Amino acid sequence: MNVQNIMTNLEAKHPGENEFLQAVREVLESIEEVYNQHPEFEKAKIVERMVEPDRVFTFRVAWVDDNGEVQTNLGYRVQFNGAIGPYKGGLRFHKAVNLSMLKFLGFEQTFKNALTTLPMGGGKGGSDFDPVGKSDAEIMRFCQAFMWELWQNIGPDTDVPAGDVGVGGREIGYMYGMYKKLAREYNTGVLTGKGSTWGGSILRPEATGFGALYFTEHLLHKAGKDIKGLTIALSGFGNVAWGAATKATELGAKVVAISGPDGVCEIPGGITKEMIDYMLEMRASNRNKVEDMATKFPAAAKFTAGKKAWSVKCDIALPCAFQNELNEADAKELIANGTWCCCEVSNMGCTPEAIHTFQTNGILFAPGKAVNAGGVATSGLEMTQNAAHISWSAKEVDDKLHFIMESIHEACVKYGTQADGKIDYVKGANIAGFMKVAQAMLEQGVC
Ligand code: 2IT
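Asker: Can you explain the sheet that holds strand E11 (residues 341-343)? Please cite residues and give values.
Answerer: With respect to topology, 7 strands assemble into an open sheet ordered E9-E8-E7-E6-E10-E11-E12, the strand pairing being mixed. The open sheet has two edge strands, strand E9 (302-305) and strand E12 (364-366), and neither has a second partner. Direction aside, neighbouring strands of the sheet carry axes that sit 15 degrees apart on average. By the bridge criterion, 3 bridges tie E11 to E12 in an arrangement that is parallel. Bridge pairing links Cys-341 to Leu-364 in E12.

Here it is as structure tokens:
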């Protein structure tokens, strides 16, 4: 394989799909050396096949807003790679959603899911619907209209969507209600992230953030450090940031900053349980403003407009919001302020330049597809419970999540340890995920 040739062809075929091309380049550069030691991969054109989704659905979603006006959005489902199991991955509702974004997410999901140890292929979907400022009734009508079109293409053994940015338990509930009506079957396992009284995993809301902190603990432990007493700056205040703040605080770290599209809230004394609970209300309000935290807790939190979490002094940076939310200048600012570890919790949260800056400055860095895989892994556990018609306790799920995050960390160490003994977690995660999918594709022939 020659990465440059493949990228040139891909750029010509899919001009302007910048996020997708960025994600592919990162993976291919990581795996190039190992790939070229396997002539059977080259002969079967594994990479050339792997960079194209199995199939993509796009559809119109028409719905009526509270003023009686008809709105039209775009809906998508990208079934990226089904080599190791049914397609699995979230739905993103965000005004910037387009095909490039969902192809990048589906591509990443393929390798992430392979890392979880569970049999799940990679998929992703969503809409350019913007939940900001929408009423609960509008969210419901949109979710129903979205599922009206999507339902034929999904199923518990076909493709299992879940939440992502802009889609949480409320949206999954509305979509499931419509699915059930259209399919006339209960099919509990068709979506994950359901309510815990109707088939949802009791720990799915927490799982991405909890898993990220378990991974971070392993990474710190391997480097001879302890999380207790360390300061953490994180971005976002959605489901993922909420879980990460909860577990970080429980483990004795101090979350000193959270941020949103409007700016940053500095919390010098560390975030409290009350403030973490309030994050849920902030998300449910659809206002999308982190300033609300400072308004509610003026003595503890100080809001600065237009600044990112990466401007706040901390030991560890945890991007928990959106792709490319931490760039080269942010990485330099963090390093200048003494940050020595960054675990990407969002998908592709750091730009390639930021990752390069971290790695060349000896900063401990781990990529999203390893760090955040606890979310989809717990979705996989939810599918297992649904298929077996059973339900596990929070402790049972948490124990399994612990085991999975430890396995992912071990896989990164196995494939990412360099000649000088240092661990390249980006390489480790990409190679470990790739090898599993590539082997499955090879064994299943050209299809
Ligand atoms: O990016 C992700 O891994 C998710 N949004 C979760 C996907 C899932 O199927 O739980």
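Having seen the model, we can carry on.
Asker: For the site of the ligand, give the residues involved together with the corresponding values.
Answerer: Lining the immediate surroundings of the ligand are 14 residues, of which Lys-88, Lys-112, Asp-164, Arg-204 and Ser-379 lie closest. Gln-109 has a polar side-chain atom sitting 3.1 Å from an oxygen atom of the ligand. For the ligand, an oxygen atom lies 3.0 Å from a polar atom in the side chain of Asn-347. Counting residues per element, the ones that place at least two in the shell around the ligand are strand E3 (87-93), helix H5 (99-115) and helix H15 (373-388). Looking at the shell around the ligand residue by residue, the classes come out as 2 nonpolar, 7 polar and 5 charged.

Asker: An account of unusual backbone geometry is needed here, citing residue identities and associated values.
Answerer: If a residue is not glycine, its phi is most likely negative; likewise, a peptide bond is most likely trans. For Met-348, which is not glycine, the phi dihedral falls at a positive 50 degrees. Its place among the elements puts Met-348 in the loop between E11 and helix H13 (352-360). Given the relative accessible area of 3%, Met-348 is considered buried. Although it is not a glycine, His-389 sits at a positive phi angle of roughly 55 degrees.

Criteria and thresholds
Residues numbered from 1 in each chain as written. Predicted model: local features only at pLDDT ≥ 70, side-chain atom pairs only at ≥ 80, totals over all residues. Heavy atoms only, no water. Pairing = 2+ DSSP bridges. Helix = DSSP H or I, 4+ residues; strand = E, 2+ residues; numbered from the N terminus. Axes fitted to C-alpha atoms, helices over the stretch in contact; angles between N-to-C directions. Near = heavy atom within 4 Å. Polar contact = N/O pair within 3.5 Å; in protein donor to acceptor, adjacent residues only side chain to side chain. Nonpolar A, V, L, I, M, F, W, Y, C, P; charged D, E, K, R; others polar. Buried < 20%, exposed > 50% of the residue type's maximum accessible area, 1.4 Å probe, protein only.

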